[in-house]
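Observations on chain architecture
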Amino acid sequence: MQLSPEDRALIEAARRAQQQAYAPYSGYAVGAAVRTADGRLFTGCNIENASYGLSVCAERVALFRAVSEGARAIEAVAVVTRDGATPCGACRQVLMEFAPEPEACSVWIATPDHIVARYTLRQLLPDAFGR
Ligand SMILES: [Zn+2]
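Below is a short write-up of the structure. As the structure is a prediction and not an experimental result, all values here were calculated from the model.

Scoring rules and cut-offs
- For every chain, the first residue of its written sequence is number 1, and the numbers climb from 1 along that sequence.
- Note on the predicted model: pLDDT of at least 70 is required for a residue's local features to be given, and 80 or more for side-chain atom pairs to be given and counted; whole-chain, interface and lining totals, by contrast, use all residues.
- Note that water and hydrogens are dropped before the side-chain values are worked out from all heavy atoms of the structure.
- Pairing between strands is defined by DSSP: at least two bridges between the two strands are required.
- Only DSSP runs of H or I with at least four residues qualify as helices, and only runs of E with at least two residues qualify as strands; both kinds are numbered from the N terminus onward.
- Every angle, taken between N-to-C directions, lies between 0 and 180 degrees, and every axis is a line fitted to C-alpha atoms, over only the stretch in contact when it is a helix.
- The scheme is simple: roughly parallel for angles under 35 degrees, roughly antiparallel for over 145, roughly perpendicular for 65 to 115, oblique for anything else.
- A crossing counts as left-handed when the near helix is turned anticlockwise from the far one by less than a right angle, and as right-handed when that turn is clockwise.
- In what follows, a contact means two residues having at least one pair of non-hydrogen atoms within 4.5 Å.
- The residue classification treats Ala, Val, Leu, Ile, Met, Phe, Trp, Tyr, Cys and Pro as nonpolar and Asp, Glu, Lys and Arg as charged. All others, Gly included, are polar.

1. What to know about the sheet that holds strand β4 (residues 106–110)
Hydrogen bonds between backbone atoms are what pair the strands of a sheet, whose relative direction is either parallel or antiparallel. Spatially, the five strands line up as an open sheet ordered β2-β1-β3-β4-β5, and their pairing is mixed. Strands with a single pairing partner mark the edges of an open sheet, and in this sheet they are β2 (41–45) and β5 (115–120). Direction aside, neighbouring strands of the sheet carry axes that sit 15° apart on average. Pairing geometry for β4 and β5, over five bridges, is antiparallel. Counted as the bridge partner of S106 is T120 from β5.

2. A short note on the packing of helix α2 (residues 58–68) against helix α3 (residues 89–97)
For the pair α2 and α3, the least separation of the axes is 9 Å and the interaxial angle reads 20°. By the angle class used here, α2 and α3 are roughly parallel. Like other packed secondary-structure pairs, α2 and α3 cross with a definite hand, here left-handed. On α3, the residues that touch E59, R60, L63 and F64 of α2 are A90, C91, V94 and L95. A class-by-class count of the residues in the contact of α2 with α3 yields six nonpolar, no polar and two charged.

Right, here's the structure in full:
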């Protein structure tokens, strides 16, 4: 699998973020990282709540951190779980909002130890809701 130094750094950032997960209810730690079009990395972890529905996915935490720092375009995403899960449907749609080129936006799926898959965002959400 083709892995640039930038992609390697993205995945490593998501692995570090996974260690910050607040998941006392599910016990399922998720780390995510996004790389913006201007080359910045933002990370997120899942943050659960005693009122379960208020929990937020790692992917959206990472993306919202980027947007709140002025980013409006992402070019790659990495998601790290213990078993190589892909982003939920809600996160796919939210990521799509800020991926001007979803056919070129890599979504790396990894565990702490290895890389499971690389998709494009378009592959994960072929019929996204658009503006
Ligand atoms: Zn999600």
